Amino acid sequence: MLTEYEVRHSVEDITLSQTLSTRKVRLLLKLARALKRQARALLHARALSAQAQDCNTAAHMDRMLRSLRELYEEVRLEAHRIRCESQSETARDLALA
């Protein structure tokens, strides 16, 4: 299970790397997919805890799911930002050529 620290550290490493923008976007989307799989597993566990009627566990899992969804959105937004920046750089280079 990925922690928030690991995800944020990975995003920073990918963003600051010297690789091509398309590679950065792919790596970020791969990370986003891992978060999505993790959220699905947690959602399944949440459903099982709801059947057991354990309110504390269900509330904790709800918070974890919310946090995972926010991380997922942040990673996707960063990938989108990098993609848009690379497209604007390409357009600028073509205009200057």
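All residue numbers refer to positions counted from 1 along the written sequence of the respective chain. Whole-chain, interface and lining totals are the exception, using all residues; otherwise, since this is a predicted model, local features are given only for residues with pLDDT of at least 70 and side-chain atom pairs are given and counted only at 80 or more. Note: side-chain values were computed over all heavy atoms of the structure, leaving out hydrogens and water.

**A closer look at the packing of helix 1 (residues 4-16) against helix 2 (residues 21-51)**
Moving on, step 1. The axes used here are C-alpha line fits, helices contributing only the stretch in contact, and every angle between their N-to-C directions lies in the interval 0 to 180 degrees. Helix and strand assignments come from DSSP, with helices taken as H or I runs of at least 4 residues and strands as E runs of at least 2, each series counted from the N terminus. Relative to each other, helix 1 and helix 2 sit at 170°, their axes nearing to 9 Å. One finds that helix 1 runs roughly antiparallel with respect to helix 2. Remark: the crossing between helix 1 and helix 2 carries right-handed chirality. Two secondary-structure elements touch here, helix 1 through Val7, Ser10, Val11, Ile14 and Thr15 and helix 2 through Lys24, Leu27, Leu28, Leu31 and Leu35.
Moving on, step 2. Split into classes, the residues belonging to the contact of helix 1 with helix 2 amount to 7 nonpolar, 2 polar and 1 charged. Roughly parallel refers to an angle under 35 degrees, roughly antiparallel to one over 145, roughly perpendicular to one between 65 and 115, and oblique to any angle outside these ranges. What makes a crossing left-handed is the near helix being turned counterclockwise from the far one by less than a right angle; a clockwise turn instead makes it right-handed. Contacts are residue-level and defined by heavy atoms, with any inter-residue pair within 4.5 Å sufficient. Gly is put with the polar residues, along with every residue not named as nonpolar or charged; the nonpolar set is Ala, Val, Leu, Ile, Met, Phe, Trp, Tyr, Cys and Pro, and the charged set is Asp, Glu, Lys and Arg.

**Comments concerning a positive patch on the surface**
Moving on, step 1. On the surface, Arg23, Arg26, Lys30, Arg33, Lys36, Arg37, Arg40 and Arg76 cluster together into a positively charged patch.
Moving on, step 2. Counting residues per element, the positive patch draws most heavily on helix 2, at 7 residues.
Moving on, step 3. Each residue is placed in one exposure class: buried if its accessible area under a 1.4 Å probe, protein chains only, is under 20% of its type's maximum, exposed if it is over 50%, and partly exposed if it falls in between. Owing to a relative accessible area of 53%, Arg40 belongs among the exposed residues under this scheme. Patch membership requires over 30% relative accessible area and the absence of a salt bridge. Like charges are linked within 9 Å, and nonpolar side chains (Val, Leu, Ile, Met, Phe, Trp, Tyr) within 5 Å. Exposure was quantified through the Shrake-Rupley algorithm and a 1.4 Å probe, taking into account, for residues, occlusion by the shown protein chains and nothing else. For this document, the term salt bridge refers to a Lys or Arg side-chain nitrogen within 4 Å of an Asp or Glu carboxyl oxygen. Positive charges come from Lys and Arg, negative ones from Asp and Glu, while His and the chain ends are left out of the count. Each charge is placed at NZ for Lys, CZ for Arg, CG for Asp and CD for Glu.

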